[in-house]
Amino acid sequence: MISPVPSHQFNSIGLTPIHQNVDKEIEHNQHITRIVLLLLKDFYSKLTQEEAECLRNGVLDIGPDLDNRLSEGNLTFNVMAFSASMFFKTITEKIRKLEIPSIEGMTEQEKASIYLLFKTDRVFKKIVQIAFSKPDLLLNSLTPLNKKDIDKLCSPMPKNPQYSGSCAVKNLNSLLSNDLGPNSVSFIGGWNTHGVYAEIVKGEDGHFFGLIHNLGAGCLGAKYRHTVSDEGKLFPLPIHFKDRTSLDTFTKDFKSKSREDYEELVASAILKDPFQFQEKTVNRELAFKITNQNGFSLKSDQYKEHRLHQKDLSKILAKIKDSNDDNAVAAALINRAIKKTEHVQSVKKGAIKRS
């Protein structure tokens, strides 16, 4: 589910500095720090039992389709707030003590580290970008990748399809585990009931490339298809833009009015033929990298740690808010395993073919 950032509290990253005489780097530091602290404060001060349960269910990819005693549906804003908060020891320690944390409990050193985290930690940067940024502003800062940058990128990793109302979490995990490097821009799209994410990098001669992460509704739509692996998992969708004008049109309409509008837009952006680019160029190598579905993909230690904490802390938060649906959660996890097996069998029987 897509949720707008409350406009009365939060501003997008990349705004023109208010005080022109203040060093831009210092002002950017202050701005990032302020909006992250407001994000965390807003989330933990208003967290309800249902929101905590939905967050846990999203992380575990379960919901009423697997057990009707469970609730589903996460606001993107809540997912990003929770995800960002996991980077601060005083917050995670408070949760593990079965207490709701607050930013007042954060140390001054943690608060001072926010901008450094944004500059150096890819996971944290992508989370903050998705929560607050306007892609058209951030795209201005992208620099073209070179062949060494491309060599460091892993081939795309397929992920299990969405088995519940957990798009905000599932698709975020797909994006974070298919990292396009530090010199990229991540943002949210989809339609009013379904959130997906895109990540964009810059090639040469004004071209842009990226991946769309959608493990749920519309991933096998009539207009386009995410490729399905032999294990029944879904690959990110490779996209390409020949110039900044076409990319700006895409980012403007990526939050679509309807699923049909979304499918039309995405179909127009698919990277169909890597061979269209001249041999031994950056664009050719980048196109082959993001469309390679036979390469070896390795989850980074950073992502594996993030995913481990995500599962653990979301379960504890639900307990703190007096959730008592352990039996429903256990039943849903069993049903999810059965659905996964059925899905893999349907792929092997040819019900879903690799495109």
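Here the structure is shown first, and the text comes after it.
Analysis parameters
- Every chain is numbered on its own, with residues counted from 1 as its sequence reads.
- In keeping with the predicted nature of the model, local features appear solely for residues at pLDDT of at least 70, side-chain atom pairs appear and are counted solely at 80 or more, and the whole-chain, interface and lining totals rest on all residues.
- Computation of side-chain values covers all heavy atoms of the structure but excludes hydrogens and water.
- Only C-alpha atoms enter the line fits that serve as axes; for helices the fit covers just the stretch in contact. Angles between N-to-C directions range over 0 to 180 degrees.
- Numbering goes from the N terminus for both helices and strands, where a helix is a DSSP run of H or I of at least four residues and a strand is a run of E of at least two.
- Geometric relationships in this document are graded by angle, where less than 35 degrees denotes roughly parallel, more than 145 denotes roughly antiparallel, 65 to 115 denotes roughly perpendicular, and other angles denote oblique.
- Left-handed describes a crossing in which the near helix is turned anticlockwise from the far one by less than a right angle; the clockwise case is right-handed.
- Should any heavy atoms of two residues lie within 4.5 Å, those residues are considered in contact.
- With a 1.4 Å probe rolled over the protein chains alone, any residue whose accessible area is under 20% of its type maximum counts as buried; one over 50% counts as exposed, and the rest are partly exposed.
- Residues counted as positive are Lys and Arg, residues counted as negative are Asp and Glu, and His and the chain ends are not counted.
- The working definition used for a salt bridge is a side-chain nitrogen of Lys or Arg within 4 Å of a carboxyl oxygen of Asp or Glu.
- The definition of a polar contact used here is a pair of N or O atoms within 3.5 Å, where within protein one atom must be able to donate a hydrogen and the other to accept one, and adjacent residues in sequence count solely through side-chain atom pairs.
- At least two DSSP bridges between two strands are needed for those strands to be called paired.

Student: Any details on the packing of helix H7 (residues 122-132) against helix H10 (residues 167-177)? Residues and values, ideally.
Tutor: At a minimum axis distance of 10 Å, the contact between H7 and H10 shows a crossing angle of 135°. By the angle class used here, H7 and H10 are oblique. In terms of crossing hand, the pair formed by H7 and H10 is right-handed. Across the interface between the two elements, Val123, Lys126 and Ile130 of H7 pack against Leu172, Leu175 and Leu176 of H10.

Student: Requested: an account of the side chain of Asp121, with residues and values cited.
Tutor: The topology assignment puts Asp121 in the loop between helix H6 (114-120) and H7. One buried charged side chain, Asp121, makes no salt bridge at all; its nearest oppositely charged neighbour is Arg122, positioned 8.2 Å away. Within polar-contact distance, the side chain of Asp121 engages the side chain of Gln302 at 2.8 Å. Apart from residues lying up to four places away in sequence, Asp121 is in contact with Phe87, Leu116 and Gln302.

Student: Can you lay out the sheet that holds strand E1 (residues 185-191) for me, pointing to particular residues and giving the numbers?
Tutor: With antiparallel pairing, the four strands of this open sheet are ordered in space as E1-E2-E3-E4. At either end of the open sheet lies a strand with only one pairing partner, and these are E1 and strand E4 (237-241). Geometrically, the sheet is characterised by an average inter-axis angle of 30° between neighbouring strands, direction not taken into account. Taken together, the seven bridges between E1 and strand E2 (residues 194-202) define a ladder with antiparallel strand orientation. Note that in E2 the partner of Ser186 across the bridge is Glu199. In the packing of helix H11 (residues 244-253) onto the sheet, the strands contacted are E1, E2, strand E3 (208-213) and E4, and the crossing angle to E4 comes to about 130°.

Student: I'd like to hear about the pairing of E4, residue by residue, with values.
Tutor: Among the five residues that make up E4, five are buried, leaving the element largely enclosed by the rest of the structure. Burial of E4 is two-sided: the residues Leu237, Ile239 and Phe241 facing one way and the residues Pro238 and His240 facing the other way are all buried. Bridging between E3 and E4 involves five bridges; their strand directions are antiparallel. Bridging from a neighbouring strand, Ile212 pairs with Leu237 of E4.

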